[in-house]
Amino acid sequence: MKHDLNTDVKIGIFALIVIGVLAYITLDVSNVSLTPGATYTVYTFLPSAEGVTKKTPVQIAGIPVGVVSSINLIDNTRARVAMKIKNKVQVTEDMVVNLRSRGVLGDVYLELVPGKQAGAVLENGDTLVNSRLAVDYQDIFETTADISRDLKEITQAMKEYTVSDKSVVSNILQNMEELTKNMVNISNQNSENMRVLVQNLAELSKDLRRLGKDGGAELEEALNRISSITQKIEQGEGTLGRLINDETTIDKTNAILSDVKNLTEPIGRLQLGLDYHMEYLGASSEYKNIINMKFSTHPDKYFLFGVVHDTNPPPSSNTSIETFETGGVTTVVAKETSTFDKIRFNAQLAKTFSDFTIRGGLIESTGGAAVDYIKGPVKVSLQGYNFGNAGQSLKASANLNITNSLYITGGTYLFGGTDSVSGIKYGPDWFLGAGIQFTDQDFTSLLGGAGLFVR
Amino acid sequence: MLRRFLAYIGRPCADTIEGFGHFFRFSYQTLYWCLRPPWRTARLSQEMLAIGVNSTLIIVLVALFAGMVFALQTGNSFRLFGAETLVGATVGIALTRELAPVFTALMIVARAGSAMAAEIGTMQVTEQVDALKALAVNPINYLVVPKVLATTLMVPLLTALFNGVGILGAYLVAVHLLQIPEGPYLMRYRDFVDTGDLYQGLIKAVFFGLLVSLIACYKGYRTRNGAAGVGRSTTEAVVIGSVLVLVSDYFLATWLLKLFPDYPFQ
Amino acid sequence: MISIQGIKKRFGEHEILKGVDLEIPPNKITVILGQSGQGKSVLLKMIMGLLTPDHGNILLQGQDLRDLGHDDRSQYAKKIGMLFQNAALFDSMNVEENVAFPLREHTKYSDAVIRETLETMLNDLGLPDIYQKMPAELSGGMRKRVGLARALVLKPEIMLYDEPTTGLDPILADSVDQLILNTGQKFGITSVVVSHDIEAAFKIADKIALLHEGVILEEGKPEEFRKSKKPFVQQFILGKAGEGFIG
Ligand SMILES: Nc1ncnc2c1ncn2[C@@H]1O[C@H](COP(=O)(O)OP(=O)(O)O)[C@@H](O)[C@H]1O
Ligand SMILES: [Mg+2]
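Residues numbered from 1 in each chain as written. Chains lettered and ligands numbered in written order. Predicted model: local features only at pLDDT ≥ 70, side-chain atom pairs only at ≥ 80, totals over all residues. Heavy atoms only, no water.

(A) Structural detail: the overall build of chain C. When helices and strands are counted, chain C shows 9 helices and 10 strands. Across the 247 residues of chain C, 52% fall into the buried class. Considering only contacts within chain C whose residues lie at least 6 apart along the sequence, 64% involve residues at least 24 apart. In the form shown here, chain C has an accessible surface area of approximately 11500 Å², with 49% of it arising from carbon and sulfur atoms. (Helix = DSSP H or I, 4+ residues; strand = E, 2+ residues; numbered from the N terminus. Buried < 20%, exposed > 50% of the residue type's maximum accessible area, 1.4 Å probe, protein only. Contact = heavy atoms within 4.5 Å. Areas by Shrake-Rupley, 256 points an atom, 1.4 Å probe, with all protein chains shown as cover.)

Shown next as structure tokens:
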């Protein structure tokens, strides 16, 4: 058999093409920057690695910095996740690993969130101790869409209003600010500040009756703050914003909004109630600011939207420390049950039966229900929410609280109560607070003008 | 009674065991002659052309349509729950790991395996194999080794081609026909498909190439009884080859998934 | 030269050779006669080493075939040329490639030398201008002669012919007989011819053996063979069907 050159040329061309195809696919699918040697491995523990697979992305500030390289079950209780991180990215020990989900498909990624103060840089094989579970965004994206829309509407309306007359509300807010400050100090000098608080509340109530003249700047600032949150959400910043601006969710959101409209449309007049209160949680030394908006479509029905803001959540708040023994090494894992860092949302439907009001929906960004009993200046509320977070049992996560409120005037009130009275997880906590409430009728009466939210 | 029964089942059993023995001896001889001169580069080129290069068109056709129909079906079903951007990843993984090596091997069994069995079988019954021996040329070295080597080399190459064309076909249908957004489609594809998937497929392809060519050559080499025997050998080569590709694929997949693990609890 | 000792061979139930003893003298032409299906081809393939006997030995210059290692066996095969009953041409190659095959396999001859060798060989056999033809395009006689050319091209010491003239017309058959005679004499080749052509056997043979029912029934020089007392030998020479012979 003679060697046929023609044959070899054909084979050569064929092999070149095929090897080219292979090389192209290989380079296309392989993340060249993540070749071994260019990465180091950092471990973390998760109570639940549901949805995490090999190659699950690891991000810092939304930028991919690595991938999950392996997952192991440890002690039959937790998942140990190995993350391959690019060498040029430094992981510090203060970073918290957040298991997040993205989009409607629910595929997850790990977000490394830097802590308040920079910690030591981790080396290959080190372990990140702080981890947090995922939020089930699917459950809440529907309501958050509404909230942002309505927040914006309210802000708009209030802005319009303040242009015409700023003074009253500004004074109220100024007083609220002082009130807040005093509440903060309660932890230090308890009894002394209680006295000041009462004083302030008295002043506040005076302010409500008296019309001030100026001080619109603070009010505008406060309103700007609310509107900037709304804007951020609209511009797609933050996970929530991304979710809301996700093309696929918009259709669903629209459907929900039209449901809300159906709720409001048969009623000729929409009444607005605005409620601001602040509370101090004793055991966990946590402060919360809460703004709720009430849309009353019917005398015995209302729709409530609200934002809960932790002014300064200490790292240990809502956090339980658990230690695990693995082969002689003790690992500390911080488990956090709060689903949002600083801002949580309320969205509830309420129905009144004589002295009782039943509310249900989103309480602090989790599902929940509540019963209010209102008789004269006294209000007693029983709230239950946060039933079953991802990977947690109902018992471990559920929040139950009883609030007793006393209305000093028609619009200002003091309240106190116990949180998680079931005491299953964190033990009972106590809280104290003060608040202010007004409806658009208040505005009308105060200003002698027309209703704010007439249709 | 019992003796007749034993005789009845004993014969096929013994034949099967003997057949296994023959096959492994044949495989051993093939390996032996792979490592021993003369190395027939010209014969190898000839076979690579016949088995590999000349199969290009059919592989391209099969790959294109396999990728296209796969994308069409997954695209339409995934759309039901809004996951159509995953089509690229799904098709990519399925192609690189399974479809490309298996389809290529089956096409090669049908196209080249049958030809090998028929060619060697005909040469056996017309004494051409004896003539080679009489001319002091080892028929395994001359006939079998180039075919087996060429197939073992060419099936992975054709698999790589199948991958490329199949992925392209899926892309065309997904992005241009089903209007799946290109960016997310490609991102998902690149996220999920890994070089490990490619290697898995190529390792399978090497094994398939070796397996189907050995079987085809063995069946041809054992041909007796004239033209009818050639026909039977050819049929058996194709049937046994195809079945063994699918059966061994399962075991290979199991082992290869151990070698390239995706998920921790497998 | 070749000594066949007590060869037995069975295929399944059927014992074809039941103890064949035969001496093949060197540089002579030995013709093995026998009816169809008596195992002549089987015997020839055993000498070639293509089949192994169940019992008995085949010694070439005192060396047992089965004791040969791989390389020796290949050396042995190069020493022996064989013309198969149906020529066994490689049907994927044309005539030129078929005949040149042994030269390309075992020699380092240049293309020109190979071409020259082929030309003389094929001209001698009366086969000019068929170099590019494929075996399927050739007649039976032509195939046989191409097969002969392929067997002779390496100039073997021993030539085995399996029915070289069967299927040829008388004139062509005679020329092939002449060729066997000539090559035998010219190169001093030991030839073994299997045939049932009794006329040709007497023409070319130095020794004749008759294979019948698994044994060599008669052997000897042609004149001795012709005078054999055995009835079947006489019947075979006269070409008559005996009692109970069907066909
Ligand atoms: N490889 C084989 N397998 C089984 N039977 C065979 C084989 N080779 C030859 N035979 C049988 O041996 C007998 C003798 O065949 P053969 O030697 O070709 O006869 P002949 O004398 O006509 O050349 C025949 O009956 C044939 O069927
Ligand atoms: Mg014969």
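(B) Highlighting the overall build of chain A. Across its full length, chain A holds 9 helices and 20 strands. When burial is assessed residue by residue, chain A has 47% of its 455 residues classed as buried. For chain A, the share of sequence-separated contacts (at least 6 apart) that also reach a separation of at least 24 residues comes to 57%. A total of about 22200 Å² of accessible surface is found on chain A, and carbon and sulfur atoms cover 56% of it.

(C) The arrangement of the interface of chain C and chain B in detail. Tallying the contact residues gives 23 residues for chain C and 17 residues for chain B. Where chain C abuts chain B, roughly 1600 Å² becomes buried across the two surfaces, and 59% of that area is made up of carbon and sulfur atoms. Applying the counting rule to chain C against chain B returns 3 salt bridges. Taking the shortest distance from any N to any O, the salt bridge between K45 of chain C and D130 of chain B comes out at 3.8 Å. Remark: the boundary between chain C and chain B carries 5 residue pairs in polar contact (both at pLDDT 80 or more). Residue contributions to the side of chain C that touches chain B peak at 5 residues, all from helix α2 (residues 70-79) of chain C. Within the side of chain C that touches chain B, the residues separate by chemical class into 12 nonpolar, 5 polar and 6 charged. (Buried area = accessible area lost by both parts, 1.4 Å probe. Salt bridge = Lys/Arg side-chain N within 4 Å of Asp/Glu carboxyl O. Polar contact = N/O pair within 3.5 Å; in protein donor to acceptor, adjacent residues only side chain to side chain. Nonpolar A, V, L, I, M, F, W, Y, C, P; charged D, E, K, R; others polar.)

(D) View of the site of ligand 1. All names here are of chain C. Within the structure, ligand 1 sits among F11, I16, Q35, S36, G37, Q38, G39, K40, S41 and V42. Residue Q38 places a main-chain N or O atom 3.3 Å away from an oxygen atom belonging to ligand 1. Contacts to ligand 1 include G39, whose backbone N or O atom sits 3.0 Å from an oxygen atom. Expressed as a share of its isolated accessible area of 560 Å², the protein-covered part of ligand 1 is 59%. (Near = heavy atom within 4 Å.)

(E) Up close: the interface of chain B and chain A. At the interface, 36 residues of chain B touch 25 residues of chain A. Here chain B and chain A share an interface that buries about 2700 Å² over both sides, 72% of which is from carbon and sulfur atoms. Along the contact surface separating chain B from chain A lie 1 salt bridge. Linking chain B to chain A there are 2 residue pairs in polar contact (both at pLDDT 80 or more). Counting residues per element, the side of chain B that touches chain A draws most heavily on helix α6 (residues 139-177) of chain B, at 9 residues.

(F) Structural view of the sheet that holds strand β4 (residues 55-60) of chain C. All names here are of chain C. Read from one edge to the other, the open sheet built from 4 strands follows the order β2-β1-β4-β5, with strand pairing classed as antiparallel. Edge positions in the sheet fall to β2 (14-24) and β5 (63-64), since each of these pairs with one other strand and no more. As paired elements, β4 and β5 share 2 bridges and run antiparallel to each other. Bridge pairing in β5 places L60 opposite Q63. Sitting on the sheet, helix α1 (residues 40-48) touches β1 (2-11), β2 and β4, and the angle it makes with β1 is about 125°. (Pairing = 2+ DSSP bridges. Axes fitted to C-alpha atoms, helices over the stretch in contact; angles between N-to-C directions.)

(G) Representation of the pattern of salt bridges within the structure. Enumeration over the complete set of coordinates arrives at 23 salt bridges over all chains. Among the salt bridges present, the one from D355 of chain A reaches K375 of chain A, with a minimum N-O distance of 3.3 Å. Placement of D355 of chain A in the loop between β14 (343-353) and β15 (356-363) and of K375 of chain A in strand β16 (residues 366-375) is noted, with a sequence separation of 20 residues between them. The exposure class assigned to D355 of chain A is partly exposed, which follows from its relative accessible area of 26%. The class of K375 of chain A is partly exposed, set by a relative accessible area of 47%. Across the salt bridge formed by E119 of chain C and R115 of chain C, the nearest N and O atoms sit 3.6 Å from each other. In this pair, E119 of chain C and R115 of chain C are both assigned in helix α4 (residues 111-124), 4 residues apart and thus about one turn of the helix distant. Residue classification places R115 of chain C among the partly exposed positions, given a relative accessible area of 33%. Salt bridges here are not isolated pairs; linked through shared partners, they connect R43, E47, E119 and K147 of chain B.

(H) Expanded view of the packing of aromatic side chains. All names here are of chain B. Considering all chains together, one arrives at 19 aromatic pairs over all chains under this definition. Centre to centre, the rings of F103 and F162 are 6.0 Å apart; their planes meet at 85°, and the pair counts as edge-to-face. Taken together, the residues F103 in helix α4 (residues 87-125) and F162 in helix α6 connect sequence positions 59 residues apart. One aromatic cluster in this structure is built from F20, F23, F24, F26, Y218 and Y221. (Phe/Tyr/Trp six-rings, centres within 6.5 Å; stacked < 30°, edge-to-face > 60°.)

(I) View of a nonpolar patch on the surface. Residues and elements named next belong to chain A. The grouping of F353, F356, I358, V371, Y373, L382, L400 and I402 at the surface amounts to a nonpolar patch, some 630 Å² of accessible area in total. Secondary-structure elements contributing two or more residues to the nonpolar patch are β15, β16 and β18 (399-407). With respect to the helices and strands, Y373 occurs in strand β16. Judged by relative accessible area, Y373 falls into the partly exposed class, the value being 30%. (Patch = residues over 30% accessible without salt bridge, like charges linked within 9 Å, V, L, I, M, F, W, Y side chains within 5 Å.)

(J) Structural context of the coordination of the magnesium ion (ligand 2). Residues and elements named next belong to chain C. Coordination of the magnesium ion (ligand 2) by the protein is provided by S41 (OG) and Q85 (OE1), with metal-donor distances spanning 2.0 to 2.3 Å. Separated by 44 residues along the polypeptide, S41 in helix α1 and Q85 in the loop between β6 (80-83) and α3 (95-106) bring together distant segments of the chain. When its relative accessible area of 30% is taken as the criterion, Q85 is described as partly exposed. (Donors = N, O, S within 2.8 Å, 3.2 Å for Na, K, Ca; no water.)

(K) Highlighting a positive patch on the surface. All names here are of chain B. A cluster of basic residues, R25, K133, R222 and R224, forms a positive patch on the protein surface. Looking at where K133 falls in the secondary structure, it is placed in helix α5 (residues 128-134). On the basis of relative accessibility, which here comes to 32%, the residue K133 falls in the partly exposed class. (Lys, Arg positive; Asp, Glu negative; His and termini not counted. Charge placed at Lys NZ, Arg CZ, Asp CG, Glu CD.)

(L) Spotlight on the side chain of E111 of chain A. Residue and element names in this part refer to chain A. Of note, E111 is situated in strand β6 (residues 107-113). In this structure the side chain of E111 is engaged in a polar contact, spanning 3.3 Å, whose partner is the backbone nitrogen of G62. Other than its neighbours up to four places away in sequence, E111 contacts Q59, I60, A61, G62, V96, V97, N98 and R100.

(M) Geometry of α3 of chain C. Among the residues of α3 of chain C, V95, E96, N98, V99, A100, F101, P102 and L103 of chain C are the ones counted as buried. Against the buried residues of α3 of chain C lie α5 and α6 of chain B together with α4 and α5 (140-152) of chain C. One side-chain oxygen at the N-terminal end of α3 of chain C lies 3.2 Å from the backbone nitrogen of E96 of chain C; it belongs to N94 of chain C.

(N) View of the environment of P101 of chain B. Residues and elements named next belong to chain B. One can find P101 in helix α4. For the pair formed by P101 and P156, sequence separation is 55 residues and the distance between their alpha carbons is 7.3 Å. Leaving out residues up to four positions away in the same chain, P101 has contacts with L95, T96, T159, G201, K204, A205 and F208.

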